Amino acid sequence: MKRYLIIAGVVLALILIALGIYFFFFAPRGGGIVVDTGENPFQTGGDYTGTDTEQPPTDGTVTGGEEVAPNLIRITEGPVAFGSLVFLAPKEITEEGGSDTGTSSAPKATKTIFVPEVRYVERKSGNVYKYEFNEKLLSRISNRTLPGIQEAAWTKDGTTAFLRFLSANESGTEMIETYALPTETEGGYLLESGLDQVIVSGTSTVVTLLPSTTGSIATIARADGANAKTLFTSNLSSLRLTPSGQGVGAFTKPSAQMDGFGFLVNASGVFDRILGPYRGFTMLPSPSGKQVIYSYLSGQTVTASAMDTTTRAQTALPVALLPEKCVWAADELSVYCAVPRAIGGTWPDSWYQGAISFSDRIWKIDLVSRTAILIVDPVAIANTAIDGVSLAIDANSDVLLFTNKKDGSLWAYDL
């Protein structure tokens, strides 16, 4: 019996030693129960609760965009903030050396080329993305969480985005806030609350418009907020501003029920009335301010024209374009516009209020020959109705960018 007990004890000891060796050296690490704490995984503030079924997008570069028809690309299915950017971004490429000796040690040279790049803000999260158009590559470049971004204005190189969103104070009153977000560095700052509008003029001059008890106050500053000064104080309220040369273009709130006026405002803040009074009036100056396209209601018909701001000569345009659905080509010889097939309701009031939407075709209007060229009809080639807004184009007029007002999705057309 004693002998059997000794043998059993030895066997049990060997088993325990074997189990110890297994758990210490070979058993898998980690595991256990993962608890969702609700904290933002990016450690950048914001309102991510950890309970959404849709997880925050991962970092890294992935293939993006869908070519729904030849040259027509849907970059996003979900909504983006109104106001996206396409620009020519520098990219270094490596070339093989010119030697034809067949050796693998031939010297390599690098050179910089410029390729179209799209930048946009996801409306839900406030994350900033870039889309490399030629390679169809999508990557997130800023994960600062700012939910509910409605609008974005960009510096020309895409390094700063001015994000507009609603925020409630302690009493529950909603205010429009604007946050200046660097897309490639840390930092950022809040602009003054309650701004009516924020635009970027030139490469990096920020123009803000603040309503006052007596009208409107416009301020200009650098993109980092430095050198701020008043551009103008006006007794006109509900103005809309657009970049125009060294100053801005300004026009009164468009409505079929009241007369509207258009102005050019120089760098000293002096107003020059150039157009009006017209019902339903809107306008879009060229980047240099040398020309303006505009439209207005003549009875129940939309009439569109162009004007030379120096001579004040006016020329009728071949299509009934709406300037807020257009963008100037870099050479200022043409404009690209999302032109509705038909305009119903009370234009422009019903459209601004969201009571109606349009189904557009994209046209190029040559201002020299006064001809219109159909670029794309999304319904005909993709069975998709697009109400195009926030049009943008790169300096080479290679990529036309626009947002579908119906659902907020971002689209591009390869020109």
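Everything here concerns the structure above.
The structure presented is a predicted model; accordingly, all values stated were derived computationally and were not measured.

Caption draft 1: Spotlight on the pairing of strand S10 (residues 174-182). Direction of pairing for strand S9 (residues 160-168) relative to S10: antiparallel, over a ladder of 9 bridges. Bridging across to S10, Phe 165 finds its partner in Glu 177. As consecutive antiparallel partners, S9 and S10 are separated by 5 residues, and within that stretch Gly 172 has a phi angle of approximately 90°, a positive value. Between S10 and strand S11 (residues 189-190), which follow one another and run antiparallel, lie 6 residues, and Gly 187 among them has a positive phi close to 110°.

Caption draft 2: How the structure looks around the sheet that holds strand S14 (residues 215-222). Spatial strand order, S12-S13-S14-S15: 4 strands in an open sheet with antiparallel pairing. Of all the strands in the sheet, the pair left with one neighbour each is strand S12 (197-201) and strand S15 (229-234). Within this sheet the neighbouring strands show an average axis-to-axis angle of 20°, counted without direction.

Caption draft 3: Structural context of unusual backbone geometry. The step from Gly 276 to Pro 277 runs through a cis peptide bond, and the omega angle for that step is 5°. One non-glycine residue, Glu 332, lies in the positive phi region at around 60°. Residue placement: Glu 332 occurs in the loop between strand S24 (326-328) and strand S25 (334-340). The buried category is assigned to Glu 332, whose relative accessible area is 12%.

Caption draft 4: Local environment of the pattern of salt bridges. On inspection of all chains with the given rule, the structure shows 11 salt bridges. A salt bridge links Arg 74 to Glu 66; its shortest N-O distance comes to 2.6 Å. Between Arg 312 and Asp 272 there is a salt bridge whose closest N-O contact spans 2.6 Å. Residue Arg 312 is located in the loop between strand S22 (301-308) and strand S23 (314-316), and its partner Asp 272 is located in strand S19 (residues 271-279); the two are separated by 40 residues in the primary sequence. Given the relative accessible area of 33%, Asp 272 is considered partly exposed. Shared partners join several salt bridges into a network, and the residues in it are Glu 117, Arg 119 and Glu 184.

Caption draft 5: Broad picture of the packing of aromatic side chains. If you walk through the whole model with that rule in mind, you get 15 aromatic pairs. Each ring, one from Trp 347 and one from Tyr 352, has its centre 6.4 Å from the other, and the planes form 20°; the classification is stacked. According to the relative accessible area criterion, Trp 347 is buried, its value standing at 4%. Ring centres of Trp 351 and Phe 358 lie 5.9 Å apart, and the angle between their planes is 10°; this geometry places the pair in the stacked category. Directly above the ring of Trp 351 sits Lys 405, whose terminal nitrogen or CZ lies 4.9 Å from the centroid.

Conventions we followed
Residues numbered from 1 in each chain as written. Predicted model: local features only at pLDDT ≥ 70, side-chain atom pairs only at ≥ 80, totals over all residues. Heavy atoms only, no water. Pairing = 2+ DSSP bridges. Helix = DSSP H or I, 4+ residues; strand = E, 2+ residues; numbered from the N terminus. Axes fitted to C-alpha atoms, helices over the stretch in contact; angles between N-to-C directions. Buried < 20%, exposed > 50% of the residue type's maximum accessible area, 1.4 Å probe, protein only. Salt bridge = Lys/Arg side-chain N within 4 Å of Asp/Glu carboxyl O. Phe/Tyr/Trp six-rings, centres within 6.5 Å; stacked < 30°, edge-to-face > 60°. Lys NZ or Arg CZ within 6 Å of the ring centre and 35° of its normal.

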